[in-house]
Amino acid sequence: QVQLVESGGGLVQAGGSLRLSCAASGSIFSIYGMGWYRQAPGKLRELVATITSSRSTNYADSVKDRFTISRDNAKNTVYLQMNSLKPEDTAVYYCIADLNMARLRDSPRYWGQGTQVTVSS
């Protein structure tokens, strides 16, 4: 079992930055693939970014070159640094985890409770 707790969401103006954190507990964090999904009202959920246990990363085209995912295995934490934020980035952001990267992308086993990010124009 893995428990995920996100933090760092909030309200920011367009062009600003936020850093989301996701603290994991309950298992060996370093072997898990981690990532972030987001869900905006009336829209399909979107896989924003993933990071493997060996720190390979992948991003949605919509956030490439603006967002950076990273992990600190000593702190059992994954981060999402979000720069140059746009109003269309407004969503609830969910931290995800799974041992299998294919499953992480499609149907992750573990989810956090979500944190709201709101970008004003």
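The structure presented is a predicted model; accordingly, all values stated were derived computationally and were not measured. (Residues numbered from 1 in each chain as written. Predicted model: local features only at pLDDT ≥ 70, side-chain atom pairs only at ≥ 80, totals over all residues. Heavy atoms only, no water.)

A. Spotlight on the pairing of strand 3 (residues 18–25). Alignment of strand 1 (residues 3–7) against strand 3, held across five bridges, turns out to be antiparallel. Bridging across to strand 3, serine 7 finds its partner in serine 21. Direction of pairing for strand 3 relative to strand 8 (residues 77–82): antiparallel, over a ladder of six bridges. Following the sheet pairing, arginine 19 is matched in strand 8 by glutamine 81. (Pairing = 2+ DSSP bridges. Helix = DSSP H or I, 4+ residues; strand = E, 2+ residues; numbered from the N terminus.)

B. Summary view of the state of the cysteines. Per the counting criterion, the structure on display carries one disulfide. The disulfide bridge from cysteine 22 ends at cysteine 95, spanning 2.1 Å between sulfur atoms. In this structure, the disulfide formed by cysteine 22 and cysteine 95 twists by about -80° around the S-S bond and is classed as left-handed. With cysteine 22 in strand 3 and cysteine 95 in strand 9 (residues 91–98), this pair connects stretches of sequence that are 73 residues apart. Neither residue differs from the other here; cysteine 22 and cysteine 95 are each classed as buried. (Disulfide = S-S within 2.5 Å. Buried < 20%, exposed > 50% of the residue type's maximum accessible area, 1.4 Å probe, protein only.)

C. Looking closely at the pairing of strand 7 (residues 67–72). Judged by which residues are buried, strand 7 turns out to be one-sided: Phe67, Ile69 and Arg71 face inward and are buried, whereas Thr68, Ser70 and Asp72, on the alternate face, are not. Relative to strand 8, strand 7 runs antiparallel, the two sharing six bridges. Opposite threonine 68, over in strand 8, you have glutamine 81 as the bridge partner. Taking the residues that link successive antiparallel strands as the turn, the strand 7-strand 8 hairpin has four residues, and the phi of asparagine 76 there is positive, at about 55°.

D. Geometry of the nonpolar core. Counting 31 residues, the largest nonpolar core has Leu4, Met34, Trp36, Val78, Leu80, Met82 and Tyr93 as its most contacted members. Of all elements in the fold, only strand 3, strand 4 (33–39), strand 5 (46–51), strand 7, strand 8, strand 9 and strand 11 (115–120) reach the threshold of two or more residues within this core. Excluding residues within four positions of it along the chain, leucine 80 makes contact with Leu18, Arg19, Leu20, Trp36, Val48, Ala49, Phe67, Thr68, Ile69 and Tyr93. (Core = buried A, V, L, I, M, F, W, Y, C linked by side-chain atoms within 4.5 Å. Contact = heavy atoms within 4.5 Å.)

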